[in-house]
Structure formats: structure tokens, C-alpha cells
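The primary structure of each chain is shown beneath.
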Amino acid sequence: MHYRNLGSTELQVSEVSFGTWAIGGSWGKIDDKASLEGLAAAIDAGVNFFDTADVYGDGHSEELLAQATKGKEDQIYIATKFCRAGDIHNPATYAEASIRRFCEASLKRLQRDRIDLYQIHCPPTNVLRDGEVFGVLDKLQEEGKIRYYGVSVETVEEGLICLNYPNVKALQVIFNIFRQKPLDELLPRAKAQGVGILVRLPLASGLLTGKFTRDTRFAPDDHRSFNENGEQFNVGETFAGLGFAKGVELADQLKWIANGRGNMARAAIRWVLDHEEVTCAIPGFKNAAQVQDNLEALHVPSFTAEERRKLQSFYDHEVKPWIRGAY
């Protein structure tokens, strides 16, 4: 396992870490036994950082992490998120009393005294611009309830706003071969300011595994079925904002990235890690086999400068015109 500093903090986190949305819910059927086996396999391989949220399975993924990391609280870092258990457009959701309730509830489910990284979970832009929420997080940090805080953002603009607040230590962004906009300004500025970058959806909801066809169908409780067009939350969270059929078509044109790298998933994660601004990629998983396959990205060749230019051109000309929603 390789480790990188989370921005200017002292936390050294595994380059490939894992997100736990899929084991909490909204990605089809879940199996707690398989989920716990996946978490154990990751920890055994040296993964020391997991990302979750209070709304993943209504807190279920936090509870699973508590089981998996019991007795290892000092070695395994956990990032969780808040605000989406309330009305994200209601100012009361970001009041001190509300945030304290969210925080205490997560601490209880995680069975911890402190949250390593507490993130605002994709709030509206105006909440970030207003900035009062950061004052509350400063208080929680001073009290020892949280170690550091950050923000999970939907757009480059939101990320740049967050960089105006000096105690924001991490940004969680959607960044993958289909979603390269953060490269222009956000990633370089974050690195210059010592802000860590956590990359969610490095596989574009599975499109970049290359395993889907136009005929692939997802379970009704899988967000890839019910949020393809942004029906429930930001469209960018599903297939990187691409319609499914178009995403499959574009992924088919990227089969070449697997050459010499085992498969497309490993290659896609490797591409993310080839950017020095990135702290870690946090792909999802449902079982130990998926964990182990994603970890193989650590051992495949990096992309050459020529390959990276080819992928940037592909994004600019073939992908970007089809991305929907603000990003």
C-alpha cells in the first residue's frame, strides 16, 4: 500500500481507500456479511481510510464501519458527512443545534469519540458562500468532536468557494476520465493551499469498468436506475452526468486503456492516482473480490504523457458536450 498526506494535515491515508455508499444502500441489494468481508480485506491490505455518510442506508454504513474497525480506531481513519438527513435548502439544517445532532448521531453509530474528517454533504452553493456553517465546525473541532473538516462538492465553483475558508482541509470531488474539469483550476489551487482531494466516483458509477452494455439493467433501488436523469439528486452523481446509453458508447471507445493494466477499472483508478494533487481515490465496493480488484490499480503502469493527452482530447471533444448538470 502507498500513502499520501491529506493536504497539510498529519494524516497519511491509503492512495486507494474506499467509499461505503454501496454497502449502505442505493446501489441495489446489500449483504452485510459480504460488506464486512470486503472491509476486512481492505484493512488487511493496508487501507486505513473509509468515507461514509449519515444517509448511506440511514446510517447503516457507519454502523458497519464501527464493527469493522472496532479496536483499530487509532489506525483506521473515518470520514463521514452531514446535512442530507435534513432539508438541505433549509437554513435551520446548518444551525449549530442541527449540526451537533448530526455529529452526535454519527459518533454514536461509529462508536467513536471523534470523527477524523467531517464533511458537509453537497450543500447548496449559497450555504458555502454564506460561510456560517464553518464557524460551527470550528467549534466542534475546538471541542475535539471532529479532527478536521471538509466539504463534498458538486461543482468546481463550490470547491473554489471552500478554498476561501482556511480550516477546510479536504474537498471531495467527482473526478474521472469522464469528468476532467477539476484539472484546470481546482486541483492546482487545492494543492497550493494544502487541501486534500478525495476522489469519489472514479469509475463513473461503473461505466469505466467497461462491463455494461446498452441492455444492462439495474435494480429499482439502485440510483443508476432511479437517478439517471437527476430525478432524486444531482445528475452528476450518476454516470458522471452522462446518460447511460451515451456513457456505454463512450466507455466502449476507451477499451484501450486496459492494455497492459489488467482491466478498465484498474486503469481508470490508476489515471486518477497519476495526478499528484489527488490524496486518494475512494471507489465503492460490495464484496472482497471488488476490493481486491480495485487495489490492483496500485500495481499497474501509470499513463504516459501521450496517453494522458489522448484522454484529455477525448474528454474535450467526445465527452464534455454530453455532460448534464452543473459541474
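- The name an unreviewed UniProt entry assigns to the chain is Oxidoreductase, from the organism Alicyclobacillus hesperidum.

### Some words on the packing of aromatic side chains
Phase 1: According to the stated counting rule, one finds 14 aromatic pairs in the structure shown.
Phase 2: Through successive ring pairs, a cluster of aromatic residues spans W21, Y56, F226 and F233.
Phase 3: The ring of Y327 has K181 lying over it, and the distance from NZ or CZ to the ring centre is 5.0 Å.
Phase 4: The ring of F303 is capped by R261, whose NZ or CZ atom sits 3.7 Å from the centre of that ring.

### Observations regarding empty space enclosed by the protein
Phase 1: Counted under the stated rule, the structure contains one cavity of 30 Å³ or more.
Phase 2: Taken as a whole, the largest cavity encloses approximately 90 Å³ of empty space.
Phase 3: Considered class by class, the residues forming the lining of the largest cavity number seven nonpolar, one polar and four charged.

### Side note on the side chain of K169
Phase 1: Checked against the element boundaries, K169 lands in strand β8 (residues 168–174).
Phase 2: The charged side chain of K169 is buried without a salt bridge, its nearest counter-charge being E10 at 9.1 Å.
Phase 3: Setting aside its immediate chain neighbours within four residues, K169 contacts S8, T9, Y148, Y149, G194, V195 and G196.

### Some remarks on the sheet that holds strand β7 (residues 146–152)
Phase 1: Across the sheet, which stays open at both edges, the eight strands sit in the order β3-β4-β5-β6-β7-β8-β9-β10 with parallel pairing between neighbours. One side of each edge strand has no neighbouring strand; the edge strands of this open sheet are β3 (18–19) and β10 (280–281).

### Brief notes about the environment of N263
Phase 1: Tracing the backbone through its elements, the reader meets N263 in the loop between α10 (244–252) and α11 (264–273).
Phase 2: Separated by 52 residues in sequence, N263 and K211 have C-alpha atoms that sit 10.0 Å apart.
Phase 3: N263 has contacts with A258 and D293, leaving out every residue within four places of it along the chain.
Phase 4: There is a polar contact of 3.2 Å between the side chain of N263 and the backbone nitrogen of A265.

### What to know about the layout of surface pockets
Phase 1: A volume near 240 Å³ is recorded for the second largest pocket.
Phase 2: Along the wall of the second largest pocket there are 14 residues; nearest its centre are P91, Y94, V127, D130 and E132.
Phase 3: Listing elements by their share of the lining of the second largest pocket, those giving two or more residues are α5 (125–130) and α6 (132–142).
Phase 4: A breakdown of the residues in the lining of the second largest pocket according to their chemical character gives eight nonpolar, three polar and three charged.

### A short note on the pairing of β8
Phase 1: Of all seven residues that make up β8, seven are buried, and the element is covered over most of its length.
Phase 2: Note: β7 against β8, four bridges, orientation parallel. Along β8, the bridge assignment pairs S152 with Q172.
Phase 3: With respect to chirality, the unit in which β7 leads through helix α7 (residues 156–162) into the neighbouring parallel β8 is right-handed.
Phase 4: Pairing of β8 with strand β9 (residues 196–200) involves five bridges; the strand directions are parallel. Bridged to I174 within β9 is R200.
Phase 5: With helix α8 (residues 186–192) bridging β8 and the parallel β9, this β-α-β connection has right-handed handedness.

What counts, and at which threshold
Residues numbered from 1 in each chain as written. Predicted model: local features only at pLDDT ≥ 70, side-chain atom pairs only at ≥ 80, totals over all residues. Heavy atoms only, no water. Phe/Tyr/Trp six-rings, centres within 6.5 Å; stacked < 30°, edge-to-face > 60°. Lys NZ or Arg CZ within 6 Å of the ring centre and 35° of its normal. 1 Å grid on protein atoms, 1.4 Å probe; cavity = no way out; pocket = protein on both sides within 12 Å on 5 of 7 lines; lining within 4 Å. Points joined across faces, edges and corners; volume = space filled by probe spheres on them. Nonpolar A, V, L, I, M, F, W, Y, C, P; charged D, E, K, R; others polar. Helix = DSSP H or I, 4+ residues; strand = E, 2+ residues; numbered from the N terminus. Buried < 20%, exposed > 50% of the residue type's maximum accessible area, 1.4 Å probe, protein only. Lys, Arg positive; Asp, Glu negative; His and termini not counted. Salt bridge = Lys/Arg side-chain N within 4 Å of Asp/Glu carboxyl O. Contact = heavy atoms within 4.5 Å. Pairing = 2+ DSSP bridges. Polar contact = N/O pair within 3.5 Å; in protein donor to acceptor, adjacent residues only side chain to side chain. Right-handed = clockwise from strand over helix to strand, strands pointing away.

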